[in-house]
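Coordinate analysis (summary)
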Amino acid sequence: MFEQAKKHAPCIVFIDEIDAVGRQRGAGLGGGNDEREQTLNQLLVEMDGFEATAGVIVIAATNRPDVLDPALMRPGRFDRQVVVPLPDIRGREQILMVHMRKVPLAPDVRADILARGTPGFSGADLANLVNEASLFAARSNKRLVDMDDFERAKDKIFMGAERKSMVISEEERTMTAYHESGHAVVAKLLPRVDPVHKVTIIPRGRALGVTWTLPERDSLGMDREQILQRISMALGGRIAEEVFMDRMTTGASSDFENATRLARDMVTRYGMSDRLGTMVYGENEGEVFLGRSVTTQRNLSEATMQQVDAEIRRIIDTQYGVARKLIEDHRDKVEAMTKALLEWETLDAEQVNDIMAGRPPRPPKPASAPPSPPPQDNTPTPRPASSTPATEA
């Protein structure tokens, strides 16, 4: 490849996914005869062989620059780095406009609203969103892709595909409805939690129900109050099960994992503990071949580790008490939301706001019906001399 580049100079050599051959060497697995290390060594030698006047530029791309070998990043090699971040809200709107050009859109489709509701989406994710919306419209025999199709596509991407064939008993449905209502009510009552976008008890992916919150704008970080209130929201589901059903289920396992992870990071990584101060307790050790952290080294005494565990326990217990008081003080709202979920299975942001304001929730918007087929005419139609075959998407 490099010989051909020199023959066709000036030219550009582009290597995609450079981390496939450029991961850090010296892990002790495979030794110096490892094929990947041999490829990397040859790549380094070839790059050193270029002269300043060779007219060959080598460009590489990766989404894991943290696992690359340091030799690749030295001056004279890949010494200039261009970071391509995820698009912001304006960038997502422009990307959506590009992909929507190929799709027949209904008048109610607005790219700015879709961009605001898709934080963290990459360009490929947005292209997938438009494609999924087109598939939903095609399955409903629609001629135009409307906003409802985009909402259904967004739900599928965020929360997983609906498992309509799953058989759930009425008792489990009621338990799931109380669980999700607990999450939603706590989220609405805490000011620093992202607004509730949708609550559903339709099984999606591996979850029996989902409470979906969306930020109002792009955010690059969280403060202490946001993290604490997110922990309270995560604990709201289990608390609702205890208060209204007087039992505990395994449905809160992922909620507890998220709450414990946030509390541990507050203490050990973010320096947000008043008792332990601004210090990092534990350093991640990256594994070369996996490219991620698999162990954590703690150069701490037993007494300090006990203080860390006690502080994590205190944060969890405190936020558990906050969430429980909110649910007990607003039992009527949890009951009303549970009743609405059992009746309609999915509540949008407007319906949740109605319940929190003490009003009866407005009924769900009627689904747009597919267009009726045209009346059949048995009169034979003469075939044109030339026709273009239709392409089915």
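Refer to the structure printed above.
Just so we're clear, the structure is a prediction, and the values are computed from it rather than from any experiment.

Brief notes about the pattern of salt bridges
Summed over the entire model, instances satisfying the criterion amount to 27 salt bridges. Between Arg80 and Asp79 there is a salt bridge, with the nearest N and O atoms lying 3.7 Å from each other. According to the relative accessible area criterion, Asp79 is partly exposed, its value standing at 37%. One salt bridge in this structure joins Asp223 and Arg192, with 2.6 Å as the shortest N-O distance. On the criterion of sequence distance, the pair formed by Asp223 in the loop between strand S4 (210-213) and helix H8 (224-245) and Arg192 in the loop between helix H7 (170-189) and strand S3 (196-200) is long-range, its members being 31 residues apart. Through salt bridges with shared partners, one network takes in Glu350, Asp354, Arg359 and Arg362.

Observations regarding the packing of aromatic side chains
Overall, the coordinates contain one aromatic pair when judged by the stated rule. Between the NZ or CZ atom of Arg139 and the centre of the ring of Phe136, over which it lies, the distance is 5.5 Å.

Here we look at the packing of H7 against H8
Across the interface, H7 lies against H8 with an axial gap of 7 Å and an inter-helix angle of 135 degrees. As the angle between them shows, H7 and H8 are arranged oblique. Crossing angle aside, the handedness with which H7 passes H8 is right-handed. In contact with Thr174, Met175, Tyr178, His179, Gly182, His183, Val186 and Ala187 of H7, H8 contributes Ser232, Met233, Ala234, Gly236, Gly237, Arg238, Ala240, Glu241, Phe244 and Met245. Tallied by class, residues from the contact of H7 with H8 come to nine nonpolar, seven polar and two charged.

Thoughts on a nonpolar patch on the surface
A contiguous nonpolar patch, built from Ile12, Phe14, Ile57 and Ile59 and spanning about 400 Å² of accessible area, is present on the exposed surface. Contributing elements (two or more residues each) for the nonpolar patch: strand S1 (11-16) and strand S2 (56-61). Structurally, Phe14 is set in strand S1.

Here we look at helix H12 (residues 349-356)
Residues Gln351, Val352, Asp354, Ile355 and Met356 constitute the buried set of H12. In the core, the buried residues of H12 are packed alongside H7, S3, helix H11 (331-344) and strand S7 (346-348). Backbone nitrogen of Glu350 and a side-chain oxygen of the N-cap are separated by 3.3 Å at the start of H12; the cap is Asp348. In the segment just after H12, Gly358 is the residue with positive phi, at about 85 degrees.

Points about the sheet that holds S4
In sheet architecture, strand pairing relies on hydrogen bonds along the backbone and comes in two forms, parallel and antiparallel. Pairing is antiparallel across the open sheet formed by three strands, whose spatial order is S4-S3-S7. Looking at the sheet topology across the chains shown, the edges are occupied by S4 and S7. Put simply, the sheet's adjacent strands are angled 10 degrees from each other on average, direction ignored. Both S3 and S7 contribute to a ladder of three bridges, which runs antiparallel. Following the sheet pairing, Thr200 is matched in S7 by Thr346. Docked against the sheet, H7 engages S3 and S4, running at close to 165 degrees with respect to S3.

The rules behind the values
Residues numbered from 1 in each chain as written. Predicted model: local features only at pLDDT ≥ 70, side-chain atom pairs only at ≥ 80, totals over all residues. Heavy atoms only, no water. Salt bridge = Lys/Arg side-chain N within 4 Å of Asp/Glu carboxyl O. Buried < 20%, exposed > 50% of the residue type's maximum accessible area, 1.4 Å probe, protein only. Helix = DSSP H or I, 4+ residues; strand = E, 2+ residues; numbered from the N terminus. Phe/Tyr/Trp six-rings, centres within 6.5 Å; stacked < 30°, edge-to-face > 60°. Lys NZ or Arg CZ within 6 Å of the ring centre and 35° of its normal. Axes fitted to C-alpha atoms, helices over the stretch in contact; angles between N-to-C directions. Parallel < 35°, antiparallel > 145°, perpendicular 65-115°, else oblique. Left-handed = near helix turned anticlockwise from the far one by under 90°. Contact = heavy atoms within 4.5 Å. Nonpolar A, V, L, I, M, F, W, Y, C, P; charged D, E, K, R; others polar. Patch = residues over 30% accessible without salt bridge, like charges linked within 9 Å, V, L, I, M, F, W, Y side chains within 5 Å. Areas by Shrake-Rupley, 256 points an atom, 1.4 Å probe, with all protein chains shown as cover. Polar contact = N/O pair within 3.5 Å; in protein donor to acceptor, adjacent residues only side chain to side chain. Pairing = 2+ DSSP bridges.

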